[in-house]
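Coordinates in review
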Amino acid sequence: MKFGIFDAHADTVSKIYETNQNLKENSCHTDFERMKQYPKYTQVFAAFVDRKAISESPKAYTEKLILKYKDEIHKCGILGIESTEDLGKNTYSSILSIEGGEALGGEIQNIDYFYNLGVRILTLTWNYDNELCGGIGDYSGKGLSEFGRNVVKRMNEIGMIVDVSHISEKGFWNVAKCSEKPFIASHSNVRKICSHSRNLTDEQIKEIIRQNGVIGVNFYPVFLSEDGRCGFEKIIEHIEYILNLGGENNVGIGSDFDGVDSLPDGITGVEDMSRLVDLMEKRGYKDKLISKILYENFNRVLLLNTSKNI
């Protein structure tokens, strides 16, 4: 395959930590051996925090996941991107994110703490309400707290990307108003196609486009189709919907590999990304558009957040 891949969200680090596996080769959706079939690959690996499933503080658990991430990418020879100077240095690279702002423990200084550990993206919530904002799963309707606004401001200042996947609708619009940098929905789909509350409304999609952000289309069938059953074509349907709203520069891939319990028919993991490309080509997508969707759009957001660090 001639195209590189930039996947804006996978929970593989959390998965291999929980199952005592490694990143080089495993039974999960993603490993390095399968990534190597592509000419280049950038993977955002999330340190996923479900505070209801752990017995220690979210911060302490996140620290363990980050240690696992660093150890595994070092063993594989994957470059952990921490600055714009790192972009393009290595064929296979990764970006560290945190999924769940409760990892901050309600302390603003922990933004800088995790930044210094290499975190470059923060998903503000994971379904539940936390100190920053309401989550889409709690249905409380809460938006950004004062602490949450301060977190977004500090993230903008240091060059950490704001991710609004899982956030409440009110929180989304609060972020849209207060963020001075482009923000992303790393793994979210179109609500007009599938009415799940995790998906984005047309108005939210248009706002991300207006602010030059990017939406990563999620591969979870429950977010793709009303009945939770689908194939590759449904992924393309969500992509094309965003394209038709003017999102040629604002749609990408956020597979959610290793964070979901099922995948569309015909997909078992990262090795099947090439089949998605085959379908795009059959539909007449030009190489330039395919490259934008698969890689360039998310890569651009990294560059836009700051000219020095990402």
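From a predicted model like this one, the values you see are computed outputs, not experimental measurements.

A short note on helix H11 (residues 287–305)
In this model H11 runs 26 Å from its N-terminal to its C-terminal C-alpha over 19 residues, within 8% of the 27 Å that 1.5 Å per residue would give. Turning to H11, its buried residues number three or more, namely Leu289, Ile290, Lys292, Ile293, Leu294, Tyr295, Asn297, Phe298, Asn299, Val301, Leu302 and Asn305.

Considerations on the environment of Tyr295
Here Tyr295 shows up in helix H11. On the basis of relative accessible area, Tyr295 is assigned to the buried category, the value being 11%. As a C-alpha pair, Tyr295 and Lys40 span 255 residues in sequence and 9.4 Å in three-dimensional space. Look past the residues within four positions of Tyr295 in its chain and what remains in contact with it is Gly4, Ile5, Phe6, Lys40 and Thr42.

Details of the pairing of strand E1 (residues 5–10)
Taking burial as the measure, the six residues of E1 include six buried ones, the bulk of the element. Looking at chain direction, E1 and strand E2 (residues 41–48) are connected through four bridges and run parallel. Within the sheet, the bridge partner assigned to Phe6 lies in E2 and is Thr42.

Structural notes on unusual backbone geometry
In the Ramachandran plot, Tyr139 falls in the positive-phi region, its phi being about 55° despite a non-glycine side chain. Relative to the helices and strands, Tyr139 is located in the loop between strand E5 (119–123) and helix H5 (146–158). Positive phi, normally seen in glycine, also occurs at Asp258, with a value near 65°. The class of Asp258 is buried, set by a relative accessible area of 9%.

Focus: the packing of helix H10 (residues 273–282) against H11
Two elements in contact, H10 and H11, have axes separated by 10 Å at closest approach and are oriented at 145°. Classified by chirality, the crossing of H11 by H10 is right-handed. In this structure, H10 contributes Val277, Met280 and Glu281 to the contact, and H11 contributes Asp287, Ile290, Ile293 and Leu294. Here the contact of H10 with H11 is composed, by residue class, of five nonpolar, no polar and two charged.

Let's talk about H5
In a regular helix each residue adds 1.5 Å, so 13 residues correspond to 18 Å; H5 covers 19 Å between its end C-alpha atoms and thus fits that length. All buried positions along H5 are accounted for by Phe147, Gly148, Val151, Val152, Met155, Asn156 and Ile158. On its buried side, H5 packs onto helix H4 (109–116), E5, strand E6 (161–163) and helix H6 (169–178). In the stretch just after H5, Gly159 is the one whose phi turns positive, near 95°.

About the thresholds
- Residues numbered from 1 in each chain as written.
- Predicted model: local features only at pLDDT ≥ 70, side-chain atom pairs only at ≥ 80, totals over all residues.
- Heavy atoms only, no water.
- Helix = DSSP H or I, 4+ residues; strand = E, 2+ residues; numbered from the N terminus.
- Expected span 1.5 Å × (residues − 1).
- Buried < 20%, exposed > 50% of the residue type's maximum accessible area, 1.4 Å probe, protein only.
- Contact = heavy atoms within 4.5 Å.
- Pairing = 2+ DSSP bridges.
- Axes fitted to C-alpha atoms, helices over the stretch in contact; angles between N-to-C directions.
- Left-handed = near helix turned anticlockwise from the far one by under 90°.
- Nonpolar A, V, L, I, M, F, W, Y, C, P; charged D, E, K, R; others polar.

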